[in-house]
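Remarks on the overall topology
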Amino acid sequence: MTSDRREFLKKLGIGVGLASVAGQGLASLRSLVPNVSYDAPTVVKLGIPAEFPEGMKFLPEQRLFVFREGNVFHAISAVCTHLGCTVRAEALSSPVMKKVGGAELRLTHRFLCPCHGSQYTGDGQNVAGPAPRPLEWWALSVAPDDGQLVVDLAKPVERSFRLTTA
Ligand code: FES
C-alpha cells in the first residue's frame, strides 16, 4: 500500500468516525425533545357563526369573549394582563358607544378581575388596578372547510379588527 493511499484511508476513517459521533450526538439531543406537544392548540374552531347569540358569549375553555352584532364579530381574551386570572364580564346597565380602533363600538359589558381588582372597559382597555395593558383581541376567521368561526389565540389583532361573515 502506498503512503498516499494509507494517508487517504486514515483520513477517511477519521471522517467516518467523526460523522458517526456527530450523528449519535444529534440523536441523543433529539431524544430530549418530546415528539408530542402538550400545549393546547392555538387555532380553535368555535362553532357556526349563526349559532352565536347576539351580544356576548363567554367560552371558558378558550378563556375568550366572542362578541356578535349581526354578522360582525370580534373576540377579546379573558386572561387578565396582570397575572393571568380569568376576568369576568359584568353587563352595563345601558350600552355605551365608544370609538375603538377608528370605528364606533357598542360596549355592553366591562371586565373585572377577581384576583387583584383590575378593571377593563368593554373593549378591553385597562382602567384600574395593577393590569399593565389592555386585554388582547384575538384574530377571528371562518374555516374554509366547514364555515365555523375560528380563533387564533396566538395572533393578537388591533382593536379595529372586525370579522364580517357572509
Ligand atoms: S391577575 Fe388580574 S389583577 Fe392580578
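Keep in mind the model is a prediction, meaning the values are calculated, not measured. (Residues numbered from 1 in each chain as written. Predicted model: local features only at pLDDT ≥ 70, side-chain atom pairs only at ≥ 80, totals over all residues. Heavy atoms only, no water.)

Here we take up the overall build of the chain. Of the regular secondary structure elements, the chain holds one helix and eleven strands. The linear arrangement of helices and strands in the chain, starting from the amino end, is α-β-β-β-β-β-β-β-β-β-β-β. Scored against the burial criterion, the 166 residues of the chain give a buried share of 31%. A fraction of 43% describes how many contacts in the chain between residues 6 or more apart in sequence connect residues 24 or more apart. Carbon together with sulfur atoms contributes 58% to the accessible area of the chain, which is approximately 10300 Å² in total. (Helix = DSSP H or I, 4+ residues; strand = E, 2+ residues; numbered from the N terminus. Buried < 20%, exposed > 50% of the residue type's maximum accessible area, 1.4 Å probe, protein only. Contact = heavy atoms within 4.5 Å. Areas by Shrake-Rupley, 256 points an atom, 1.4 Å probe, with all protein chains shown as cover.)

To continue, consider the packing of aromatic side chains. Working definition: an aromatic ring pair is given by the centre-to-centre distance plus the angle between the planes. Within this structure, the stated rule accounts for four aromatic pairs. Directly above the ring of Phe-52 sits Lys-57, whose terminal nitrogen or CZ lies 5.0 Å from the centroid. (Phe/Tyr/Trp six-rings, centres within 6.5 Å; stacked < 30°, edge-to-face > 60°. Lys NZ or Arg CZ within 6 Å of the ring centre and 35° of its normal.)

Here the focus is the pattern of salt bridges. Using the criterion set out here, one finds six salt bridges in the structure. Among the ionic pairs, Asp-123 bridges to Lys-98, the shortest N-O distance being 2.9 Å. Taken together, the residues Asp-123 in the loop between β7 (119-120) and β8 (126-128) and Lys-98 in strand β5 (residues 88-100) connect sequence positions 25 residues apart. (Salt bridge = Lys/Arg side-chain N within 4 Å of Asp/Glu carboxyl O.)

Even without being glycine, Arg-63 reaches a positive phi, approximately 50°. You can see Arg-63 is positioned in the loop between β2 (55-59) and β3 (64-69).

What follows concerns the pairing of β2. Pairing of β2 with β3, which is carried by five bridges, proceeds in the antiparallel orientation. Each bridged residue has a counterpart across the sheet, and for Gly-55 the counterpart in β3 is Arg-68. What sits between the antiparallel neighbours β2 and β3 is a turn of four residues, in which Arg-63 has the positive phi angle 50°. (Pairing = 2+ DSSP bridges.)

Inspection of the entire model under this criterion finds one disulfide. Between Cys-85 and Cys-115 runs a disulfide, and the two sulfur atoms are separated by 1.9 Å. Given an S-S torsion of about -95°, the disulfide between Cys-85 and Cys-115 has left-handed geometry. One end of the pair, Cys-85, is in the loop between β4 (72-77) and β5; the other, Cys-115, is in the loop between β6 (103-112) and β7, and 30 residues separate them in sequence. With relative accessibility at 37%, the residue Cys-115 sits in the partly exposed group. (Disulfide = S-S within 2.5 Å.)

Grouped together as the largest cluster of nonpolar side chains are 16 residues, with contacts concentrated most on Phe-65, Phe-67, Ile-76, Val-87, Phe-111, Tyr-120 and Leu-135. Where this core is concerned, the elements lending two or more residues are β3 and β6. Ignoring anything within four residues of it in the chain, the contact list for Val-87 reads Phe-65, Ala-78, Cys-80, Phe-111, Leu-112, Cys-113, Pro-114, Tyr-120 and Leu-135. In this structure, Leu-46, Leu-59, Leu-140 and Leu-149 belong to the second largest nonpolar core, which totals 14 residues. (Core = buried A, V, L, I, M, F, W, Y, C linked by side-chain atoms within 4.5 Å.)

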